[in-house]
There are 2 protein chains.
Amino acid sequence: MDDSDGGAAMSRIGARSEGRLDTREELVRIGTEIWSEQGFCSTGIEHVLRRAGVPKGSFYHYFASKDEFGLAVVDNYARLWELKLTRIFGNAQVPPLDRVRNYLAEGIRGMEKHEFRRGCLVGNLAQELAALSAPFRERISHVFASWEGHLTRCLTEAQRTGSLRSDADAAELARFFWTGWEGAILMAKLDRSTVPLEQFRDVLFRWVLRP
Amino acid sequence: MDDSDGGAAMSRIGARSEGRLDTREELVRIGTEIWSEQGFCSTGIEHVLRRAGVPKGSFYHYFASKDEFGLAVVDNYARLWELKLTRIFGNAQVPPLDRVRNYLAEGIRGMEKHEFRRGCLVGNLAQELAALSAPFRERISHVFASWEGHLTRCLTEAQRTGSLRSDADAAELARFFWTGWEGAILMAKLDRSTVPLEQFRDVLFRWVLRP
């Protein structure tokens, strides 16, 4: 998934729940930004601290380790996307397959906005799994399972209203969607272009997500 | 793409061309193995040298830098896959779409054989692009373009023989294939299961790669 408005949404969450963006939240926000762009293992805590203007001692006041921090970042990313997917895939004002189109359009805009540097944080981390501690796998799997659930409900609605083939398993299509979209984000970063995203969308709607 | 038989194929190449596996080739072989499994940035040269039983001084006899070594590893991976894709997608004894099935079957077996640790080396590196030097982007793009070419030729043959819809652009389908397959490998590593690979294959053949 792309990170089209993660930062802005999180700033709002922080502002709302605590009246100000405290240091812990600021660190998590910056970690979310950084690890949407680059590898977890290759990025030292120092890099995060420099960007946050926070001394090292302060970091360890909030987090026992880089891993604990990384897991907080994953949890934050998961929370942001819960909001986003609920807003888009659960929008009863819009026909179900148009919600999928809207999601892709937002994703494409987000990739462009961040000049193809920012990809999917959980996709990035999944690529690094071999080097990550065990709890990461569980959390990342959980995030993808949740995304699958959101899309499956939306596609089931599309089947009920006749806009999507009824001879398909909605959950299987949802997994196919996320699998392909993760690959398309990877290719868009590589090509620095929206073309891989648009081509994925076009083939998907022409032959897979249709009545 | 998965790394189902890269090591074995390369040992043969080394044995054939030089009469023995020399140190440079052994380093490249080990680098190919390691970076099919884990991040380039997070893996020090020391790790490669330890596995190869080669002293550091000897490494710099063959490569000026880690980057130069990394690019040699990408070139080696590219060469191995040229052989593999020519063998599978260019096999005139097999109907074109069955070649695609054969490729996927080999990939699924390879992922199982390496217990879902080993993914696609160029996919892994593409995920890390933000942290890699410029020549990596060019080489990796070149590898994907070559894979697209192999598959496009095979799919064009399928269209000519009537086993694939003629209302599709073969190159667009080829890009869709590689995009989805890269995503499926990512999910298979995450789930430690062949299910994401099999589901990608099934949806692809049920609705996309058909007459």
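Before reading further, recall that the structure is shown in the block above.
Residues numbered from 1 in each chain as written. Chains lettered and ligands numbered in written order. Predicted model: local features only at pLDDT ≥ 70, side-chain atom pairs only at ≥ 80, totals over all residues. Heavy atoms only, no water.

Caption draft 1: Here's a closer look at the overall build of chain A. When helices and strands are tallied, chain A shows 10 helices and zero strands. Counting from the amino terminus, helix and strand elements in chain A follow one another as α-α-α-α-α-α-α-α-α-α. Principal axes of the C-alpha set define a box for chain A whose edges measure 60 × 35 × 30 Å. For chain A, buried positions account for 59% of its 211 residues. A fraction of 69% describes how many contacts in chain A between residues 6 or more apart in sequence connect residues 24 or more apart. Here chain A has roughly 8500 Å² of accessible surface; of this, 49% comes from carbon and sulfur atoms. (Helix = DSSP H or I, 4+ residues; strand = E, 2+ residues; numbered from the N terminus. Buried < 20%, exposed > 50% of the residue type's maximum accessible area, 1.4 Å probe, protein only. Contact = heavy atoms within 4.5 Å. Areas by Shrake-Rupley, 256 points an atom, 1.4 Å probe, with all protein chains shown as cover.)

Caption draft 2: Molecular detail of helix α6 (residues 96-113) of chain B. Residues and elements named next belong to chain B. Between its first and last C-alpha, α6 extends 26 Å over 18 residues, near the 26 Å set by a 1.5 Å rise per residue. Looking only at α6, the buried set comprises Pro96, Leu97, Arg99, Val100, Tyr103, Leu104, Glu106, Gly107, Ile108, Gly110 and Met111. Remark: glutamate 115 follows α6 within two positions and exhibits a positive phi of approximately 50 degrees. (Expected span 1.5 Å × (residues − 1).)

Caption draft 3: Expanded view of the packing of aromatic side chains. Enumeration over the complete set of coordinates arrives at 41 aromatic pairs over all chains. Ring centres 4.8 Å apart and planes at 55 degrees place the aromatic pair phenylalanine 63 of chain A and phenylalanine 69 of chain A in the tilted group. Judged by its relative accessible area of 0%, phenylalanine 69 of chain A is buried. Measuring from ring centre to ring centre gives 5.7 Å for phenylalanine 200 of chain A and phenylalanine 176 of chain B, while their planes differ by 15 degrees; the resulting arrangement is stacked. Residue phenylalanine 200 of chain A is located in helix α10 (residues 195-208), and its partner phenylalanine 176 of chain B is located in helix α9 (residues 170-191); the two belong to separate chains. Pair check on accessibility: phenylalanine 200 of chain A and phenylalanine 176 of chain B agree, each one buried. (Phe/Tyr/Trp six-rings, centres within 6.5 Å; stacked < 30°, edge-to-face > 60°.)

Caption draft 4: Just the interface of chain A and chain B, in detail. Between chain A and chain B, the contact holds 41 residues from the first and 41 residues from the second. Of the roughly 3800 Å² buried between chain A and chain B on both sides combined, carbon and sulfur atoms contribute 64%. Considering only the side of chain A, the residues that lose the most area to chain B are Gln127, Leu190 and Trp207 of chain A, jointly responsible for 21% of the buried surface there. Between chain A and chain B we count two salt bridges in total. Here glutamate 172 of chain B ties to arginine 206 of chain A by a salt bridge, and the two come within 3.4 Å at their closest N and O atoms. (Buried area = accessible area lost by both parts, 1.4 Å probe. Salt bridge = Lys/Arg side-chain N within 4 Å of Asp/Glu carboxyl O.)

Caption draft 5: Up close: the state of the cysteines. Enumeration over the complete set of coordinates arrives at zero disulfides over all chains. Of all cysteine sulfurs, the one in cysteine 120 of chain A lies closest to cysteine 154 of chain A, which takes part in no disulfide; the gap is 19 Å. (Disulfide = S-S within 2.5 Å.)

Caption draft 6: Up close: the environment of leucine 104 of chain B. All names here are of chain B. Its location among the elements puts leucine 104 in helix α6. Among the residues examined, leucine 104 registers a relative accessible area of 0% and is labelled buried. Considering only alpha carbons, one finds leucine 104 and alanine 52, 52 residues apart in sequence, at a separation of 31 Å. Discounting residues that sit within four places of it in the chain, leucine 104 has contacts with Phe177, Trp181, Arg201 and Phe205.

Caption draft 7: Looking closely at the relation of the copies chain A and chain B. Note on the identical chains: chain A maps onto chain B by a rotation of 180 degrees and an axial translation of 0.0 Å, with an RMSD of 0.0 Å. This pairing of chains is accounted for by a two-fold axis. Interface overlap between copies is the fraction of interface residues in one copy that are interface residues in the other; for chain A against chain B it reaches 100%, indicating a shared surface. (Least-squares fit on C-alpha atoms with pLDDT ≥ 70 in both.)

Caption draft 8: Geometry of unusual backbone geometry. Although it is not a glycine, glutamate 115 of chain A adopts a positive phi angle of roughly 50 degrees. Among the structural elements, glutamate 115 of chain A can be located in the loop between α6 (96-113) and α7 (121-127).

Caption draft 9: The arrangement of the side chain of arginine 29 of chain B in detail. On the secondary structure map, arginine 29 of chain B appears in helix α2 (residues 23-37). A distance of 2.7 Å separates the side chain of arginine 29 of chain B from the side chain of glutamate 33 of chain B, its partner in a polar contact. (Polar contact = N/O pair within 3.5 Å; in protein donor to acceptor, adjacent residues only side chain to side chain.)

Caption draft 10: Spotlight on the packing of α2 of chain B against helix α5 (residues 66-89) of chain B. Residue and element names in this part refer to chain B. One way to put it is that α2 packs onto α5 with a least axis distance of 9 Å and a crossing angle of 80 degrees. The orientation of α2 with respect to α5, classified from their angle, is roughly perpendicular. Residues Arg24, Leu27, Val28, Gly31, Thr32, Trp35 and Ser36 of α2 touch α5, and the partners they reach there are Lys66, Phe69, Gly70, Ala72, Val73, Asn76 and Tyr77. The class makeup of the residues in the contact of α2 with α5 is seven nonpolar, five polar and two charged. (Axes fitted to C-alpha atoms, helices over the stretch in contact; angles between N-to-C directions. Parallel < 35°, antiparallel > 145°, perpendicular 65-115°, else oblique. Nonpolar A, V, L, I, M, F, W, Y, C, P; charged D, E, K, R; others polar.)

Caption draft 11: Summary view of the pattern of salt bridges. Residue and element names in this part refer to chain A. Within this structure, the stated rule accounts for 32 salt bridges over all chains. One salt bridge connects arginine 118 with glutamate 33, and the closest N-O pair in it is separated by 4.0 Å. With arginine 118 in the loop between α6 and α7 and glutamate 33 in helix α2 (residues 23-37), the pair connects residues that are 85 residues apart, well separated along the chain. Owing to a relative accessible area of 9%, arginine 118 belongs among the buried residues under this scheme. Accessibility expressed as a relative area gives 16% for glutamate 33, which makes it buried. Across the pair aspartate 167 and arginine 165 runs a salt bridge, and its minimum N-O distance is 3.4 Å. With a relative accessible area of 54%, aspartate 167 lands in the exposed category. One network of salt bridges, with partners in common, ties together Glu26, Arg29, Glu33, Glu37, Arg51, Glu115, Arg117 and Arg118.

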